[in-house]
Each structure stands twice: as C-alpha cells, then as structure tokens.
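As a plain string of letters, each chain reads:
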Amino acid sequence: MPEAVKPVPSYARWAEVPDHLRTRTQLAALDLPRQAAGPVRATIETRNPGTGRKDEFDLYDVRESVPTAATAAQFLAAGTRRTTNTRTCEDCGAHPETPCTPAADGRALCGTCAHITRLRTRQAEIRAAAQDVAETAARLLADEHLAVLQIDYTPGEPTAAGTPRPPAAARLTAIDRTGATLYDRTVRLTGPRTPGAPDHAIDPAPALADLTNVLAERTVVLWTPIDLDPLYDALRRLKLNTALLPEGRVNSLYSAATQWRADLNPRTGDLRRPTSPGTADRLLLLLRKMSADALRLDPTDEYDDPDRKLWNYQLTARRVDPAHPGVSVIVTHACATSVEDAVRLTRKKHDGHLYGDGLYRIVRVEEERP
C-alpha cells in the first residue's frame, strides 16, 4: 500500500512564511531571477494585490529553484534602462534581492526598515491608547466602592478512563482598594458525594448569596469574565440561580492590561497577551501600576493656589502628515488645572515623540467635568 501523501503546510500571513519559501512571482522578481524547479512546498491564503480578493498561492523552496534563461549581459542592459533604483534601501543602504517597499513618505525601504517603520507607527498609536487605559485605571482606583475579585478552581478528579471532570470547587477572594479582605471562601461546585473538593469547601448556595450581597454596591474588577464560566456552568448543573455580580459595574482588566503594556510582538506587530496576575492582591497591584501612568500633576510643580482644583480634559490630536500610515485622529485624556496645563502634561508624558513636532498635533482641548 503506497504511503499517504503528507499535506503541505498552509499559512495565513506572510509573517509566518519561512524566508526560503517564495511564490513564482517572487522568484521572478529577485535581483537575479530564478524559476521554480521543485514541487509546491506550502501555500498561503492572502489577498491578491491585483484583484484585492483573497486567493491561495503556491510556495516553492528557493533552494530548489534554478536560474532563468536571462544572461548577465541582458541584466546589465536592463539595468542601464532602469530609471529608478528599487534595489537599494534609502534608510539603511542594504541591497536586498527582493524589490524595496515604497514607504508612505515615498522612500524605498528594505523589508527590515519597512517593518521597523510599521512597528514604530503602531507603537505611537498604542501609546495613546495606553494613556486612555491608565486614566481609566486611575478612576477605578479612586472609587471607594472598588472590589477586586479572583477565582481559583480545584480541578475535578478524572474518570476511570482519564476523562477530565469539571472543577470540584472554587475559591473566591474579594478585596477592597486598600487590599483589605471583603470575602474569602472556597465553595463546592459538585454534589456532596462527588469526590475532589477540599474538606473545607462549603455549600455554594448560602456562600454565593453572601458574596452577591458583598458585591451588590461595589464596582467589581476581575481579570476576565471567562474566569467565571466554570463557576456559572456549575451553578446551572446545581440548579442555583445566583446573579453574583452587580449588573453594569463589572470591569475586565485583561483587555486594559493588554493595551497598557503595549508590548508588541516584533515579528507580527500584534500586541502580546499578558499573563494573569493569579491572585487578588496582584490584580490590585497591577491596577495600581496602570494607574500610576495616568497623566497627573507633577508633585514638583508649583501653583499660586494651594487648593487648586483638578479638571478632566479630552485632547484631540490630528495626524501631521496625511501620508503617515497611522490613524488620522487620536483622542486622549488628562487631569489638570487648566487647558494649558493639560497640553503641557500631555506633551511631557509623551516626551514629544507622539505630539507637538512628532507624528500628531493637538488641535482641540475640551473640559469634560470637574
């Protein structure tokens, strides 16, 4: 019986494709063109630059390719007729085999410089979003009714066949903004005869009713709502109808922390996913770290009024160069004593790299509320 044909890898984005794999068009576009001589080694599904529609392209191993029939004399003759040199990067001076990429400012850039430019643009945009997140964290931390909630599960014992069972218990911990404990209990998520729950786990009905009461008037912060899914699944199995969290006052820190960390994957340009803090006190610490980045008055600044009042301002900045590939408008917030102070703090925070003479210019400042 013949051996089964192994399927070729398939990629969804060019950042995933190894450097030695090229399409026929890319092989032909090399400085010294080549043509495919081996089998298809992979495929990529991406947009066709000609039609704009998604299409699948075959990828060949450049190491298995062969030179085209063109001679060195023909290349030299073609070179003298070429009016623009797209094989020299106007930033680093590299001479890549593949054509350079036209940048927004008209420069021809090698793949590395074009990638760095895209990353820098992305970083500038993310810094503005991170500032908004920091302001939100500061407002949450200023709420005297804040409660930070952490859920930790005890895995259920697997079946005889090794199939995992749902969690047997959940420890629910809630602390206030000072770190003082509001609630800390371990509840059973299975029937009383099902093994796996710790001995100190208690009946979920009264325990979760108590937690509902504790959180009823609170602004709740947790890592992600997904953390509650196993708990709610267990409550449905146990036929317990418990609201648990106050409607409209639950905040997930996962997405906010992703933006605040602003940590880009240098290969893809995507934001890295942050790791869960793992405990309630660490979650509160993360919120404090995020809040510390909010635009505030410098404690060394001096004002005539010792009882100065702070106001919230919304600042709108527009892109300086229309050819710049970033978003056209960025909106951020600042807490300051005046319009002038809000602008000063915003410029100081970003050190001139995003606003002012950088990529964006502040065009409007609006007072939000006292």
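The structure we're discussing is the one just above.
In this convention, every chain numbers its residues from 1, walking through the sequence in written order. Per-residue local features of the predicted model are confined to residues with pLDDT of at least 70, and side-chain atom pairs are confined, for both listing and counting, to 80 or more; whole-chain, interface and lining totals are unaffected and use all residues. With hydrogens and water stripped out, all remaining heavy atoms of the structure feed into the side-chain values.

**As for the packing of helix H6 (residues 253-261) against helix H7 (residues 280-291)**
Think of each axis as a best-fit line through the C-alpha atoms, taken over the contacting stretch in the case of a helix, with angles from 0 to 180 degrees between the N-to-C directions. Secondary structure follows DSSP: runs of H or I at least 4 residues long count as helices, runs of E at least 2 residues long count as strands, and numbering of each begins at the N terminus. Axis separation between H6 and H7 bottoms out at 11 Å; the angle between their running directions is 45°. The angle between the axes of H6 and H7 places the two elements in the oblique class. Here H6 runs over H7; the crossing is left-handed. On H7, the residues that touch Leu-253, Ala-256, Ala-257, Trp-260 and Arg-261 of H6 are Leu-283, Leu-286, Leu-287, Lys-289 and Met-290. Note on residue categories: nonpolar means Ala, Val, Leu, Ile, Met, Phe, Trp, Tyr, Cys or Pro, charged means Asp, Glu, Lys or Arg, and polar means any other residue, Gly included. Among the residues making up the contact of H6 with H7, the classes are represented as 8 nonpolar, no polar and 2 charged. Angular relationships are summarised with four words: roughly parallel below 35 degrees, roughly antiparallel beyond 145, roughly perpendicular across 65 to 115, and oblique for the angles in between. Left-handed describes a crossing whose near helix is turned anticlockwise from the far helix by less than a right angle; the clockwise case is right-handed. In this description, contact between two residues means that some pair of their heavy atoms is separated by no more than 4.5 Å.

**Side note on the sheet that holds strand S4 (residues 42-47)**
If DSSP finds at least two bridges between two strands, the strands pair. If you walk across this open sheet you meet the 4 strands as S1-S4-S5-S2, and the pairing is mixed. Looking along the sheet, the strands with just one partner apiece sit at the ends: strand S1 (10-11) and strand S2 (21-22). Where S2 meets strand S5 (residues 54-61), 2 bridges bridge the pair, whose relative direction is antiparallel. Each residue of the ladder has a partner; that of Leu-21, found in S5, is Asp-61.

**With respect to H7**
Structurally, the α-helix is built with 3.6 residues per turn, so residues lying three or four positions apart point the same way. Each helix should span, by expectation, one fewer than its residue count multiplied by 1.5 Å. Taking 1.5 Å of rise per residue, 12 residues should cover 16 Å, and H7 covers 17 Å from first to last C-alpha, within 8% of that figure. In this scheme, a residue with accessible area under 20% of its type's maximum is buried, one over 50% is exposed, and one in between is partly exposed, where area comes from a 1.4 Å probe on protein chains only. Those residues of H7 not exposed but buried are Ala-280, Leu-283, Leu-284, Leu-286, Leu-287, Met-290 and Ser-291. End-on view of H7: buried residues confined to an arc of 155°, all on one side of the axis. When the buried face of H7 is taken as reference, the exposed residues oriented beyond 90 degrees from it are Asp-281 and Arg-282. Buried residues in H7 make contact with helix H3 (111-141), strand S9 (146-154), strand S10 (169-176), strand S12 (219-222) and H6. To obtain the arc, one takes the directions from the helix axis to the C-beta atoms.

**A look at the sheet that holds S9**
Here 5 strands make up an open sheet; going across it, the order is S11-S10-S9-S12-S13 and the pairing mixed. Looking at strand neighbours, the two that pair on one side only are strand S11 (181-188) and strand S13 (250-252), the edges of this open sheet. Between one strand axis and the next, the sheet turns through 20° on average, direction left out of account. With 3 bridges joining them, S12 and S13 adopt parallel strand pairing. Pairing of Val-220 across the sheet is with Val-250, part of S13. Contacting S9, S10 and S12, H7 crosses the sheet at an angle of about 140° to S9.

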